[in-house]
Amino acid sequence: MTTEPAATTEPSALDPAEKVDLWRQRFFEAQAAAEEFVLGEHGEEGLTAWIQANSRITAKLLQAQRPAGVSATDHFMTRLQRQLMLYDSAVTSEPRPSGTVLRNADCGILRYRKRAARAGVVLTFSSPCSYCQELNTAIAARYVEPEVTVSCEQAGDGCTWRAEPAQAEGEDAAGSPHRGRAGD
């Protein structure tokens with residue numbers, strides 16, 4: 001009596017949409033675990049330090065990756081737009097003589113996290129918005145040209161980012177302005 005070897009089945013290849021969803025999920029899991037660890041071990045001060053380290057590292061990477069002939073501000077705003085588009089955000093960019101306005105009418109990151117919460121995932125933050133805004137304005141402060149102000153305004157399930165010439169002393173900017181490059 002001979003026994004047949006157990007049949008092995010190779011998993012089928014993922015289609016491109018499945019790959020994107022899996023990468024989003026893995027990134028989300030890693031980010032959530034890191035946030036939970038930093039907050040649990042070091043509290044809010046640890047999260048602030050994490051944002052500063054992350055902004056320093058990202059600004060250096062952006063400096064190394066900036067295409068020739070592209071301003072740091074345009075490079076930053078394009079990166080931010082592409083990041084939002086990874087999550088299928090309803091985002092548009094409006095170049096204007098006074099600067100660039102990036103409108104995120106329906107944030108895919110926020111939508112993704114709400115869906116994860118409904119599926120039982122315990123979230124570190126009730127909303128990712130303040131973290132996203134603080135991190136990206138810290139990156140901008142280290143990276144964009146010193147004469148540019150980058151700010152963000154929350155709007156429902158989205159936000160509006162602006163990269164505009166810095167305002168003169170005493171003028172009030174919308175959102176939370178971050179001017180020029182911050183020290184490392």
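Described in the following lines is the structure provided in the data block. (Residues numbered from 1 in each chain as written. Predicted model: local features only at pLDDT ≥ 70, side-chain atom pairs only at ≥ 80, totals over all residues. Heavy atoms only, no water.)

1. Points about helix α3 (residues 108-118)
Part 1: Buried within α3 are the following residues: G108, I109, L110, Y112, R113 and A116.
Part 2: In this structure, the buried side of α3 is in contact with α1 (16-65), α2 (72-86), β2 (99-106) and α4 (129-143).
Part 3: One or two residues past the end of α3 sits G120, with phi positive at roughly 100 degrees. (Buried < 20%, exposed > 50% of the residue type's maximum accessible area, 1.4 Å probe, protein only. Helix = DSSP H or I, 4+ residues; strand = E, 2+ residues; numbered from the N terminus. Contact = heavy atoms within 4.5 Å.)

2. Here's the deal with the environment of A34
Part 1: If you trace the backbone, A34 turns up in helix α1.
Part 2: Relative accessible area serves as the criterion here: at 21%, A34 is assigned to the partly exposed category.
Part 3: On a C-alpha basis, the gap between A34 and T124 in space is 9.6 Å, while along the polypeptide they are 90 residues apart.

3. A few points about the pattern of salt bridges
Part 1: Applying the stated criterion across every chain yields a total of seven salt bridges.
Part 2: Salt bridges sharing common partners tie together D21, R24 and D88. (Salt bridge = Lys/Arg side-chain N within 4 Å of Asp/Glu carboxyl O.)

4. Thoughts on the pairing of strand β4 (residues 158-165)
Part 1: Of all eight residues in β4, six are buried; the element is thus mostly enclosed.
Part 2: Where β2 and β4 come together, five bridges link them in antiparallel fashion. Counted as the bridge partner of T100 is A163 from β4.
Part 3: Here strand β3 (residues 148-155) runs beside β4; their pairing, made up of eight bridges, is antiparallel. Along β4, the bridge assignment pairs A155 with G158.
Part 4: In sequence, β3 turns back onto β4 through a hairpin of two residues, with G156 there showing a positive phi of about 60 degrees. (Pairing = 2+ DSSP bridges.)

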